[in-house]
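# Residue-level structure breakdown
Residue-level listing of the chains:
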Amino acid sequence: MDLVICSVISIVISAAIAFPSGINYRKKKAEQELGTAEDEAKRIVGEALKTAESKKKEAIIEAKDEIFKLKTETDRELKERRNEVTRLERRVQHKEETIDKKMDSLDKKEELINSKLKTAEQKLNEAEVVKHSQFEMLEKISGFTMDQAKEYLLDSLDGELTREKALRITAMETRLKEEADQKARNIISLAIQRCAVEQVVETTVSVVPLPSDEMKGRIIGREGRNIRALETLTGVDLIIDDTPEAITLSSHDPVRREVARIALERLINDGRIHPARIEEMVEKAQREVESKIKFDGERIVLETGVGNVHPELVKLLGRMRYRSSYGQNVLQHSAEVAYISGMLASEIGADITLAKRAGLFHDIGKSMTHEIEGSHVDIGVEIAKKFKESPDVIHAIESHHNDVEPRTVIACIVQAADAISAARPGARRENLENYVKRLEKLEEIANSFDGVEKCYAVQAGREIRVMLKPEVVNDDQMVIVAREIKNRIENELDYPGQIKIHVVRETRAIEYAK
């Protein structure tokens with residue numbers, strides 16, 4: 001509106017300045033125009049005022065609407081906030097009330113617990129008094145003090161534990177024996193029953209029969225030259241005594257003794273006995289024995305089915321025919337171990353040929369034990385290495401007496417087969433002194449245990465019978481005593497096969513009717 005007014009004034013002023021000469025005319029005209037302009041200006045101003053007023057009203061209405069909306073939104077948010085605050089206040093108040101209730105409950109429980117503790121302490125004190133009085137009464141009734149009663153209870157508990165231990169040991173041994181028997185019965189029994197090898201008993205002397213006692217003088221010769229020549233050439237002692245029609249040959253070396261026996265028998269059959277003839281017969285006998293040694297080695301290799309054997313090993317095998325261990329011929333023992341090893345290997349699926357080879361050569365060192373220092377195990381290992389035997393065979397040789405721990409299946413098979421062959425009844429024999437010492441040691445071990453009344457070694461040391469004192473050892477402890485005796489025997493004695501420990505406890509009651 002101000003702009004319109006200014007425009008009108010500008011027009012008026014311009015008209016007054018532009019036309020000074022026709023002032024009047026123009027004045028009139030100007031007045032007319034001015035009136036028209038004023039009217040127009042008024043009209044415009046009026047319209048502008050109306051428009052402005054209308055816009056003002058609209059703006060005011062819009063502002064009021066906006067203010068109303070903002071107020072409404074604000075009131076709503078405020079109301080929600082108030083409701084939330086109210087809800088939180090109620091929740092806090094509820095929790096406070098709950099906590100107060102719990103605190104009251106806890107206080108009551110604490111008071112109740114304190115009361116119960118006091119009651120319990122009182123009852124405990126009363127129980128202690130009653131217990132003390134009962135102990136005194138029990139001591140008077142039983143005649144035992146508290147320490148004596150404890151000792152009695154401990155003894156009873158020890159007896160119960162002993163019984164339980166004995167029952168468990170018996171049950172475990174029974175189960176293990178059943179399992180072991182089930183798995184091993186077929187293998188071991190089959191291996192033993194299929195092997196029947198003649199055992200040749202060798203001694204340190206050989207007896208040569210004579211056709212007559214007159215032959216003794218001819219064998220001795222003039223001034224003993226014949227007997228000296230024979231002993232010098234063979235290394236064997238000839239014992240000519242009062243034994244009718246017999247001469248004894250004595251030597252620790254069976255090969256020399258065999259050479260001397262053959263030579264002497266041929267000299268007796270020939271009848272010509274003098275040093276030159278003796279030398280000739282001894283040489284022939286040596287060749288014959290060497291031929292026998294080779295033949296025996298080849299025979300055993302062929303019988304056992306072990307092929308590709310070095311010729312020197314064949315000779316060493318043959319020499320074992322003239323070696324013995326506890327009265328058992330070493331060559332026959334080695335062949336038997338080879339057979340049993342092959343059978344065991346076939347039963348468990350191992351290499352049969354390798355098992356037989358290892359079993360045949362396991363005692364090869366015994367063929368050289370008279371000539372070389374060292375145990376037959378060490379000598380056998382050196383021989384096997386010298387002739388390029390396989391590592392499994394070498395390991396079986398060195399471990400068959402547990403000099404080293406067996407690490408292969410073949411070594412375990414050979415060890416078991418060796419034990420089976422040596423432990424068969426009648427396979428070996430010991431000298432009387434060792435036999436007696438072993439029996440004495442058996443009885444000494446058994447007698448060293450408390451409660452043993454007496455014991456007897458029977459069945460040539462294969463069984464020991466132990467008599468117990470029934471008042472010292474009860475039935476449950478008897479099982480433990482038998483087991484401890486077994487452990488001592490296993491740890492302290494060397495023996496072939498197995499020893500049965502037979503423990504007997506007997507209680508007798510005797511009365512006389514009059």
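Described in the following lines is the structure provided in the data block. (Residues numbered from 1 in each chain as written. Predicted model: local features only at pLDDT ≥ 70, side-chain atom pairs only at ≥ 80, totals over all residues. Heavy atoms only, no water.)

This part covers the packing of helix α7 (residues 275-304) against helix α8 (residues 311-319). Orientation of α7 relative to α8, taken along the N-to-C sense of each, is 100 degrees, at an axis distance of 7 Å. Between α7 and α8, the angle falls in the class roughly perpendicular. In this structure, α7 contributes Ile293, Lys294, Asp296, Gly297, Glu298 and Val301 to the contact, and α8 contributes Val314, Lys315, Leu317, Gly318 and Arg319. Looking at the contact of α7 with α8, its residues break down into four nonpolar, two polar and five charged. (Axes fitted to C-alpha atoms, helices over the stretch in contact; angles between N-to-C directions. Helix = DSSP H or I, 4+ residues; strand = E, 2+ residues; numbered from the N terminus. Parallel < 35°, antiparallel > 145°, perpendicular 65-115°, else oblique. Contact = heavy atoms within 4.5 Å. Nonpolar A, V, L, I, M, F, W, Y, C, P; charged D, E, K, R; others polar.)

Orientation of helix α9 (residues 330-348) relative to helix α10 (residues 352-361), taken along the N-to-C sense of each, is 155 degrees, at an axis distance of 7 Å. One way to sum up the angle between α9 and α10 is to call them roughly antiparallel. Pair α9 / α10 crosses with right-handed handedness. Every residue of α10 that contacts α9 at Ser334, Ala335, Val337, Ala338, Ser341, Gly342, Ala345 and Ser346 is listed here: Ile352, Ala355, Lys356, Gly359 and Leu360. Of the residues assigned to the contact of α9 with α10, the class counts are seven nonpolar, five polar and one charged. (Left-handed = near helix turned anticlockwise from the far one by under 90°.)

One finds Leu313, Phe361, Ile364 and Ile383 to be the most contacted residues of the largest nonpolar core, which totals 39 residues. For this core, the secondary-structure elements that each account for two or more residues are α7, α8, α9, α10, α11 (376-386), α12 (391-399) and α13 (409-423). Looking at this core element by element, the count peaks at eight residues for α9. Beyond its immediate stretch of four places on either side in the chain, Leu313 contacts Phe361, Ile364, Ile383, Phe387 and Glu389. Of all hydrophobic cores here, the second largest spans 27 residues; its members include Leu249, Val255, Ala260 and Met281. (Core = buried A, V, L, I, M, F, W, Y, C linked by side-chain atoms within 4.5 Å. Buried < 20%, exposed > 50% of the residue type's maximum accessible area, 1.4 Å probe, protein only.)

Taken together, Glu96, Glu97, Asp100, Asp104, Asp107, Glu110 and Glu111 make up a surface patch of like negative charges. Assignment of secondary structure puts Glu110 in helix α2 (residues 23-142). (Patch = residues over 30% accessible without salt bridge, like charges linked within 9 Å, V, L, I, M, F, W, Y side chains within 5 Å. Areas by Shrake-Rupley, 256 points an atom, 1.4 Å probe, with all protein chains shown as cover. Salt bridge = Lys/Arg side-chain N within 4 Å of Asp/Glu carboxyl O. Lys, Arg positive; Asp, Glu negative; His and termini not counted. Charge placed at Lys NZ, Arg CZ, Asp CG, Glu CD.)

The next point concerns the side chain of Ser399. Here Ser399 is to be found in helix α12. Of note is the side chain of Ser399, whose polar atom sits 2.7 Å from the backbone oxygen of His395. Those residues in contact with Ser399 that sit more than four places away from it in its chain are Val404, Pro406, Ala411 and Gln415. (Polar contact = N/O pair within 3.5 Å; in protein donor to acceptor, adjacent residues only side chain to side chain.)

Let us now look at a nonpolar patch on the surface. Together, Ile99, Met103 and Leu106 give the surface a local cluster of nonpolar side chains, amounting to about 290 Å² of exposed area. Relative to the assigned elements, Met103 resides in helix α2.

Another aspect to go through is the pairing of strand β3 (residues 246-250). Within β3, four of the five residues are buried, which leaves it mostly tucked inside the rest of the structure. Across three bridges, strand β2 (residues 237-239) lies against β3 in antiparallel orientation. Within the sheet, the bridge partner assigned to Ile239 lies in β3 and is Thr248. In this structure, the hairpin formed by β2 and β3 is closed by a connection of six residues, where Glu245 is found at a positive phi of approximately 50 degrees. (Pairing = 2+ DSSP bridges.)

Nothing here speaks to function; it is all geometry.
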